[in-house]
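In case you want the letters, here they are:
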Amino acid sequence: MLTVGVLASGRGSNFQSIIDNIKSGYINAKIAVLITDNPKAYAIERARNNNIETLVLIPKNFPDRDSYYRHLADELKKRGVELVILAGFMRVVGKPLIDAFREKIMNIHPALLPSFPGLHGQRQALDYGVKIAGCTVHFVDEGVDTGPIIIQSAVPAYEDDTEDTLSERILKEEHGIFPLAVKLFAEGRIKVKGRKVFIESQREEAVITNPPHQKFSR
Ligand code: GRF
């Protein structure tokens, strides 16, 4: 069974979607630890409700950025973590952690990458005037939201959308494709070649169009 570690900074609804999909048997994995950089993160409550160990590790308590991420990598390795999930972790991950978990760190981003990386992807998309928005699960590399794309899902962006209404529509998709990506990883069905990700599955499952994850049995 795959051992997962989760990093989250805030509300943790994506963390919850992973928890729920493990509980339902959709994902064959266990969550070894939640690590947060924010002592007020609601994600901590979610971990407590589900008996998941939590570490609150704050960067300013470490001498520098590299030692913070080296420490995170050590804590994850110590617990046998094989996949690291960034579920709203609001920091650019440092190299020591990336090196320790190459192509084993997944992030969810609320835009169709490579458009609108960085903060406020939904607001960037609205301000740009796109008609189709969405979200992306990708592996994490040294850049900001630049790693190999695993799954994307699209939603319409309406003319009367606000940041909140669009974010809500995107979030529903996030809660579908992030668990799906973790499930595929847990089943050993994800291969990375260069910056391309190949998913071993039926062709219709591999080609992710909106909203394919609903076809997967839960
Ligand atoms: C989500 O919009 C995710 O795409 C982004 O941060 C937000 C986290 O939300 N990376 P939550 O904490 O999972 O509810």
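Residues numbered from 1 in each chain as written. Predicted model: local features only at pLDDT ≥ 70, side-chain atom pairs only at ≥ 80, totals over all residues. Heavy atoms only, no water.

1. Topic: the site of the ligand
Applied cut-off: The nearness test applies per residue and asks whether one of its heavy atoms lies within 4 Å of the molecule or strand. Within 3.5 Å is the distance limit for a polar contact, defined as a pair of N or O atoms, with the added protein rule that one can donate a hydrogen and the other accept it, and that residues adjacent in sequence qualify only through two side-chain atoms. For the area figures, the Shrake-Rupley method with a 1.4 Å probe applies, and any residue is considered shielded solely by the protein chains shown.
If you check the shell around the ligand, you find Arg 11, Gly 12, Ser 13, Asn 14, Gly 88, Ile 108, His 109, Pro 110, Gln 122 and Glu 174 and nothing else. In the environment of the ligand, a nitrogen atom lies 2.9 Å from a nitrogen or oxygen atom belonging to the backbone of Ile 108. Burial of the ligand by the protein chains amounts to 87% of its free accessible area of 370 Å².

2. Things to note about the packing of aromatic side chains
For clarity, the threshold we go by: Two rings from Phe, Tyr or Trp (for Trp, the six-membered ring) form a pair when their centres sit within 6.5 Å of each other. Planes less than 30 degrees apart are called stacked, planes more than 60 degrees apart edge-to-face, and all others tilted. Residue burial is assigned from relative accessible area. The probe radius is 1.4 Å, only protein chains are included, and a residue is buried under 20% of its type maximum, exposed over 50%, and partly exposed in between. By definition here, charges over rings are those cases where NZ of Lys or CZ of Arg is within 6 Å of the ring centre and within 35 degrees of the ring normal.
In total, this model carries four aromatic pairs according to the counting rule given. Summarising the aromatic geometry, the rings of Tyr 68 and Tyr 69 are spaced 4.9 Å apart at their centres and angled 80° between planes, so their arrangement reads as edge-to-face. Take Tyr 68 and Tyr 69: they sit in the same class, and that class is buried. Stacked on the ring of Phe 198, the Lys or Arg Lys 193 has its end atom at 4.9 Å from the ring centre.

3. Structural notes on the sheet that holds strand β3 (residues 54–56)
Selection rule: Here the rule is simple: two strands pair whenever DSSP picks up at least two bridges between them. Helical segments are the DSSP runs of H or I of at least four residues, strand segments are the runs of E of at least two, and each set is numbered from the N terminus. A fitted line through C-alpha atoms serves as each axis, taken over the contacting stretch for helices, and the angle formed by two N-to-C directions is quoted from 0 to 180°. Any two residues whose heavy atoms approach within 4.5 Å are treated as being in contact.
Spatially, seven strands are ordered β3-β2-β1-β4-β5-β6-β7 in an open sheet, and the strand pairing comes out mixed. A strand with exactly one partner marks an edge of an open sheet, and here the two such strands are β3 and β7 (149–156). The sheet shows a mean angle of 20° between the axes of neighbouring strands, taken without regard to direction. As paired elements, strand β4 (residues 83–86) and strand β5 (residues 105–109) share three bridges and run parallel to each other. Within β5, the position partnered with Ile 85 by the bridge is Met 106. Seen against the sheet, helix α1 (residues 13–23) touches β1 (2–8), β2 (29–36), β4 and β5 and runs at an angle of roughly 160° to β2.

4. Things to note about the pattern of salt bridges
It is possible for side chains of opposite charge to pair when their charged atoms get near one another. To be explicit about the condition: Any Lys or Arg side-chain nitrogen found within 4 Å of a carboxyl oxygen on Asp or Glu counts as a salt bridge.
Evaluation of the coordinates by the stated rule reveals 15 salt bridges. Note that Lys 95 is salt-bridged to Glu 142, the shortest N-O span being 3.6 Å. Taken together, the residues Lys 95 in helix α4 (residues 95–100) and Glu 142 in the loop between β6 (132–139) and β7 connect sequence positions 47 residues apart. Taking relative accessible area as the criterion, Lys 95 reaches 44% and is therefore assigned partly exposed. We note a salt bridge from Lys 183 to Glu 187, for which the minimum N-O separation is 3.1 Å. Relative accessible area serves as the criterion here: at 12%, Lys 183 is assigned to the buried category. A relative accessible area of 39% means that Glu 187 is categorised as partly exposed. Each of Glu 53, Glu 75, Lys 78 and Arg 79 takes part in a single network of salt bridges with overlapping partners.

5. What to know about the pairing of strand β9 (residues 196–199)
Side chains Val 197 and Ile 199 of β9 all project onto a buried face; the interleaved residues Lys 196 and Phe 198 project onto a face where none is buried. Pairing of strand β8 (residues 190–193) with β9 involves four bridges; the strand directions are antiparallel. The residue of β9 that forms the bridge with Lys 193 is Lys 196.

6. Some details on the packing of α1 against helix α6 (residues 163–186)
Here is the rule: Each angle is binned into one of four classes, with values under 35 degrees roughly parallel, values over 145 roughly antiparallel, values of 65 to 115 roughly perpendicular, and all other values oblique. The sense of a crossing depends on the near helix, which, turned anticlockwise from the far helix by less than a right angle, makes the crossing left-handed and, turned clockwise, makes it right-handed. For this scheme, ten residues count as nonpolar: Ala, Val, Leu, Ile, Met, Phe, Trp, Tyr, Cys and Pro. Four count as charged, namely Asp, Glu, Lys and Arg, and the remainder, Gly too, count as polar.
Where α1 contacts α6, the two axes come as close as 9 Å, and the packing angle between them is 50°. By the angle class used here, α1 and α6 are oblique. Considering only the axes of α1 and α6, their crossing is right-handed. Where α1 approaches α6, its residues Ser 13, Asn 14, Ser 17, Ile 18 and Asn 21 are matched on the opposing element by Leu 171, Glu 174, His 175, Phe 178, Pro 179 and Val 182. Residues that form the contact of α1 with α6 fall into these classes: five nonpolar, five polar and one charged.

7. Points about the nonpolar core
Going by this rule: We call a set of buried Ala, Val, Leu, Ile, Met, Phe, Trp, Tyr and Cys residues a nonpolar core when their side-chain atoms join them within 4.5 Å.
Within the largest apolar cluster, 43 residues are counted, with the highest numbers of intra-cluster contacts made by Phe 15, Leu 34, Ile 85, Met 106 and Ile 150. For Ile 85, the contacting residues outside a window of four places in its chain are Val 4, Gly 5, Val 6, Leu 7, Ile 18, Met 106, Phe 178 and Val 182. Core analysis: the next-biggest nonpolar cluster, separate from the first, contains 21 residues, Leu 7, Val 33, Leu 55 and Val 93 among them.

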